[in-house]
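Residue-level structure breakdown
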Amino acid sequence: AYQGINIRNNEVVSRGFELKIKGPETPRARQGLQLIEDFVERNGLRWQTTRQFGIMTDIAGDGFYELFKAEHDKKWYVALLDSESIDFARERDGRIKIDRNPLSPRFGYPVGYVFMENPDRIDKKTTMEWNRIVHLVFNKIGGEMIGTSILQPVYKTFERVINMEEGFGEGGYRTGYP
């Protein structure tokens with residue numbers, strides 16, 4: 001299964017991508033394109049970082065990047081976040097906090113995220129604004145915000161086979177061999 005994930009992400013990344021200007025090619029548009037190309041190169045988004053992002057999303061169902069501005073050069077960077085260490089901001093009853101203002105451009109979307117440096121200690125959380133997080137979701141089964149790992153069906157099949165083998169063994173034990 002892991003080899004399949006590697007092959008899938010190698011294929012996706014090896015095809016690459018091209019950044020283009022949509023609309024008229026003005027000096028400001030060329031400047032914006034150059035800014036984005038610099039960002040992509042600086043963060044390794046042409047190959048390794050994007051590949052790892054895909055692998056993490058395949059395994060967990062959700063992948064997260066954090067956007068941040070470095071102190072030393074005031075340029076924007078991205079960092080991969082472990083899916084176990086970040087979650088949606090939630091209400092007291094555990095539901096995801098959603099922007100409920102129909103006039104808001106973010107209507108229906110989460111209002112933010114929380115980062116847990118140590119997922120075992122959920123009492124220490126750092127609130128993060130929605131515009132600092134890039135959230136990639138695969139297999140949105142049962143919802144629009146939470147993904148499902150592509151390994152889950154493999155695990156479920158394996159679990160069924162193990163249960164059948166266990167049942168055959170139990171049946172042989174209880175009835176005895178002829």
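This one's a predicted model, so the numbers in the text were calculated from it and none came from an experiment.

**Some thoughts on the overall build of the protein**
Within the protein, the secondary structure is distributed over 4 helices and 6 strands. Computed over C-alpha atoms, the radius of gyration of the protein comes to 22 Å, more than 25% over the 16 Å expected from 2.2 N^0.38 for 178 residues, which places it beyond the range of a compact globule. With respect to the three principal axes, the spread of C-alpha positions in the protein is 85 × 45 × 35 Å. Counting over 178 residues, the protein shows a buried share of 28%. For the protein, the exposed surface amounts to about 13,000 Å²; the carbon and sulfur share of it is 55%. Averaging the locations of the 26 positively and 26 negatively charged side chains of the protein gives two centres separated by 5 Å.

**Focus on unusual backbone geometry**
One non-glycine residue, Lys-74, lies in the positive phi region at around 60°. Tracing the sequence through the fold places Lys-74 in the loop between strand S1 (62-69) and strand S2 (76-81). When its relative accessible area of 52% is taken as the criterion, Lys-74 is described as exposed.

**Describing the nonpolar core**
Counting 9 residues, the largest nonpolar core is built from Phe-64, Leu-81, Ile-86, Phe-88, Ile-96, Ile-98, Tyr-113, Met-128 and Ile-133. With residues near it in sequence (within four places) discarded, Met-128 still touches Glu-66, Ile-86, Gly-112, Tyr-113, Phe-115 and Ile-133. One finds Leu-45, Phe-53, Tyr-65 and Val-78 within the second-largest nonpolar core, a separate group that totals 6 residues.

**Digging into the sheet that holds strand S6 (residues 133-137)**
Here we have 3 strands laid out as an open sheet, ordered S2-S1-S6, and antiparallel in their pairing. Single-partner strands in this sheet number two, and they are S2 and S6. Strand-to-strand, the axes of this sheet are offset by a mean angle of 25°, without reference to chain direction. Here 5 bridges tie S1 to S6, and the two strands are oriented antiparallel to one another. Each bridged residue has a counterpart across the sheet, and for Phe-64 the counterpart in S6 is His-135.

What counts as what
- Residues numbered from 1 in each chain as written.
- Predicted model: local features only at pLDDT ≥ 70, side-chain atom pairs only at ≥ 80, totals over all residues.
- Heavy atoms only, no water.
- Helix = DSSP H or I, 4+ residues; strand = E, 2+ residues; numbered from the N terminus.
- Rg over C-alpha atoms; globule rule 2.2 N^0.38 Å.
- Buried < 20%, exposed > 50% of the residue type's maximum accessible area, 1.4 Å probe, protein only.
- Areas by Shrake-Rupley, 256 points an atom, 1.4 Å probe, with all protein chains shown as cover.
- Lys, Arg positive; Asp, Glu negative; His and termini not counted.
- Charge placed at Lys NZ, Arg CZ, Asp CG, Glu CD.
- Core = buried A, V, L, I, M, F, W, Y, C linked by side-chain atoms within 4.5 Å.
- Contact = heavy atoms within 4.5 Å.
- Pairing = 2+ DSSP bridges.
- Axes fitted to C-alpha atoms, helices over the stretch in contact; angles between N-to-C directions.

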